[in-house]
Amino acid sequence: MEGSTDVDELETWLCECYDQSVRTAYLILGNRLDAEDAVQEAFLRAWRFRDSLARESSIRPWLYRVVVNTCNSKLRQEIPHRDRRGDDDDLVNVTSIDDLAARVEQSQDVVSALKELPLALRVVVVLRYFADLSEREIAIAIGRQPGTVKSRLNEARKRLAASPALRATPQEQSPTGEEATS
Amino acid sequence: MIDEAVLRRALVGAAGEFKVSSEARERILDVAREGAPEVRAARGPTFLRPQGRTRSILVAAALLLVVGAISWPLLRSERGTSPSASAPRTVHGANVSGTGSSGLTASEKAVVGGLPTPTVSPTGAQSAVTLTNTNALTVNASTSTKIESTGNVDLRIGKGQVEVAFAKLTRMVSSDRGFVVSSQERVGTNSAGKFSYGIMVLEVPQRSFDTLVTQVQKAGHPTSVVTSSSDVTSQYVDLRARINAAEASRQQYLTIMSKATSISDILAVQSQLNNLQSQIEQLQGQLNVLNNATTYGTLTVSLTETGQQHNVTKPKSGFAKAWHDGVSGFISGFEWVVRLAGPALFAILALGAAFVIGRYARRAIRRRRI
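Residues numbered from 1 in each chain as written. Chains lettered and ligands numbered in written order. Predicted model: local features only at pLDDT ≥ 70, side-chain atom pairs only at ≥ 80, totals over all residues.

1. Remarks on the overall build of chain A
Each helix and strand counted, chain A has nine helices and zero strands in total. For chain A, the sequential pattern of α-helices and β-strands runs α-α-α-α-α-α-α-α-α. Of all 182 residues assigned to chain A, the portion counted as buried reaches 45%. (Helix = DSSP H or I, 4+ residues; strand = E, 2+ residues; numbered from the N terminus. Buried ≥ 20, exposed ≤ 12 C-beta atoms within 10 Å, placed from the backbone.)

Listed below in structure tokens is the structure:
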């Protein structure tokens, strides 16, 4: 059946990219529940318009493009018009309790430092250094030229260098979730 | 610049602080299975909408179209109503002698129309006459020089002689195959008693204009004689040429029309023919006006009783003339500015609106794009 095949395709996307997308959206939006909402909306939208998605290359940058657009839309239209969701929600399901307080603080500081960046810079930084997209893939994801991506990355790194939270990031800190590095 | 590895570690660490809910993933699948095809509607997805540059070009083109559609007829009408380039070619005569003064509170009787006999009730103590003369010279009806001439003559006449002067002027203009366009007599009072003041507008064939000016001066004591003429041949020739060209085009279209076979062709040709027809009629109207103006000249005669001074326009000289010219120039300049203010204001408003819309559109596009 074609319908089930299509849902299978969505399932494949979810298996491959969902976790990474949620974490990416979290870094862009700064809130876990907003990130889950945005990614759900983005995946459903991409799946509904799957015929329009360019298929000549990997689906990943295109999916990120939908995710980024949805995050942008949320930041413009939805989030400014409602009370901010409690920060408590962000870390309800922490993966471990070792050094919990210190890590939570560290994580919040990094997210705050990201929030200080303009959205255009924040997005390219997250896509490059967290989602591990190449500059060309980021260009596809944000609909700009690779040169623009490169200059934005440089600018973002310059600005982040001034952030105490990132300067203090311990070298030995390792990612906690396997999904985060996948 | 921050080290890439440090940045990578920080981001991975910050993003990995929570577990991703598998329920949310299942929820997405459930929604997809339930199937909600409603979004596949006319509006495309945001990531496939036209890019900013395309949209800007489309918006700019639409704005240009709207501004052009509005301003083109305005410009055309402005061009159509602009004054003709003809300027007075000759001015001669300037004798003024004005004595006394009187306020003209007056009853006024006016006869306006073709060939009226002046109706005058001379009850004033003094009378004054002013002549204004517009003369049109058509040297050769179809091809030669077309000249439009005008003139003003001011006459002083004896007390109670306004009616007599009117009758004399009427006879003169009739003998020259002209006619009286209008005549007015005003009766006023001043410290010296009542007085009369009259104005007569005469039209004569252009060939008799000079004769009439000479004759009119004999009807009283001339205080001012001013005549002017302007060559409108170029306008005339231009109008004729445009009419001929339009006629030729019309003939060609008629030929095409006779060979047209499809309805669409006929309608297209018909539309062109209608345009041409209205153009020809418009030009013909202008030509007729020009013909009339060059066939007859108009002479305005002002009559003032001796010893009375009404608001006769004294020909200025020296500083007075310079002052008068300066004031006139200032007023003309101001009028010119006011005349231009309309289109300029429209253009400024249109540009302002385009700027605001463009800025708004640009901001909206920028907000939409990362």
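This is not the end of the story, as more comes after the structure.
2. Let's talk about the overall build of chain B
Helix and strand counts for chain B stand at eight helices and seven strands. Counting the 370 residues in chain B, one finds 31% classified as buried. The contacts of chain B with a sequence gap of at least 6 include a subset with a gap of at least 24, amounting to 84%. (Contact = placed C-beta atoms within 7 Å.)

3. Let's talk about the confidence of the model for chain A
Averaged over every residue, the pLDDT of chain A is 77; the share at 70 or more is 71%. Per-residue pLDDT stays below 50 along residues 171-182 of chain A; that stretch engages in 22 contacts with residues further than four places along the chain or on separate chains. (pLDDT = per-residue confidence, 0-100.)

4. Some remarks on the nonpolar core
Counting 61 residues, the largest nonpolar core has Ala25, Leu27, Val67 and Val124 of chain A together with Leu11 of chain B as the members making the most contacts within it. It is helix α1 (residues 2-29) of chain A that contributes the most residues to this core, ten residues altogether. Not counting residues up to four positions away in its chain, the partners in contact with Val67 of chain A are Ser21, Thr24, Ala25, Ala38, Val39 and Ala42 of chain A. Counting 27 residues, the second largest nonpolar core, distinct from the first, contains Leu169, Tyr197, Leu202 and Tyr296 of chain B. (Core = buried A, V, L, I, M, F, W, Y, C linked by C-beta atoms within 7 Å.)

5. Re helix α7 (residues 263-295) of chain B
The terminal C-alpha atoms of α7 of chain B, which comprises 33 residues, lie 47 Å apart, in line with the 48 Å expected from a rise of 1.5 Å per residue. All of the buried residues in α7 of chain B are Leu276, Leu283, Leu290, Ala293 and Thr294 of chain B. (Expected span 1.5 Å × (residues − 1).)

6. Some words on the confidence of the model for chain B
Residues and elements named next belong to chain B. For chain B, the average pLDDT comes to 74, and 72% of its residues sit at 70 or higher. Of the regions scoring below 50 in pLDDT, residues 37-49 engages in twelve contacts with residues more than four places distant in sequence or in other chains. Scored as a complex, the prediction yields pTM 0.41 and ipTM 0.76.

7. Thoughts on the packing of helix α6 (residues 233-259) of chain B against α7 of chain B
All names here are of chain B. It is the contact of α6 with α7, at a shortest axis distance of 9 Å, that shows an interaxial angle of 160°. Taken together, the axes of α6 and α7 lie roughly antiparallel to each other. With respect to the hand of their crossing, α6 and α7 are arranged in left-handed fashion. Residues belonging to the contact of α6 with α7 are distributed by class as follows: 15 nonpolar, six polar and four charged. (Axes fitted to C-alpha atoms, helices over the stretch in contact; angles between N-to-C directions. Parallel < 35°, antiparallel > 145°, perpendicular 65-115°, else oblique. Left-handed = near helix turned anticlockwise from the far one by under 90°. Nonpolar A, V, L, I, M, F, W, Y, C, P; charged D, E, K, R; others polar.)

8. Details of helix α7 (residues 146-161) of chain A
Residue and element names in this part refer to chain A. In this model, α7 (16 residues) spans 23 Å end to end at C-alpha, consistent with the 22 Å of a helix rising 1.5 Å per residue. Along α7, the positions that sit buried rather than exposed are Val149, Arg152, Leu153, Ala156, Arg157 and Leu160. The arc that holds the buried residues of α7, viewed along the axis, is 135°, so those residues lie on one side. In this structure, α7 carries Gly147, Ser151 and Lys158 as exposed residues pointing more than 90 degrees from its buried face. (Arc of directions from axis to C-beta.)

9. Focus on the pairing of strand β6 (residues 221-231) of chain B
All names here are of chain B. Burial analysis of β6 places eight of its eleven residues in the buried class, which makes it a mostly covered element. With three bridges connecting them, strand β3 (residues 146-157) and β6 associate as antiparallel partners. When the sheet's bridge partners are listed, Glu148 is paired in β6 with Ser230. (Pairing = 2+ DSSP bridges.)

10. A closer look at the environment of Gln235 of chain B
Residues and elements named next belong to chain B. As for its position among the elements, Gln235 is in helix α6. A tally of 19 C-beta atoms within 10 Å means that Gln235 is categorised as partly exposed. Along the chain, Gln235 and Lys146 lie 89 residues apart, while their C-alpha atoms are 9.1 Å from each other.

11. Some details on the pairing of strand β5 (residues 193-205) of chain B
Looking along a regular strand, one sees side chains alternate from face to face of the sheet. Residue and element names in this part refer to chain B. Sheet topology places strand β4 (residues 179-190) next to β5; eleven bridges connect them, and they run antiparallel. By the bridge assignment, Glu185 is partnered in β5 with Gly198. With nine bridges connecting them, β5 and strand β7 (residues 296-305) associate as antiparallel partners. Note on β7: the bridge partner recorded for Ile199 is Ser302.

12. So, the packing of helix α5 (residues 119-129) of chain A against helix α6 (residues 135-142) of chain A
All names here are of chain A. α6 packs onto α5 with a crossing angle of 135° between their chain directions and a minimal axis gap of 10 Å. Taken as axis vectors, α5 and α6 run oblique relative to one another. Crossing angle aside, the handedness with which α5 passes α6 is right-handed. For the pair α5 and α6, contact is made by Val123, Val124, Leu127 and Arg128 and by Ile138, Ala141 and Ile142, respectively. Of the residues in the contact of α5 with α6, the class split is six nonpolar, no polar and one charged.

13. Re unusual backbone geometry
In the Ramachandran plot, Asp132 of chain A falls in the positive-phi region, its phi being about 65° despite a non-glycine side chain. A positive phi is found at Arg177 of chain B, a non-glycine position, where the angle reads about 65°. Looking at where Arg177 of chain B falls in the secondary structure, it is placed in the loop between α4 (162-175) and β4.

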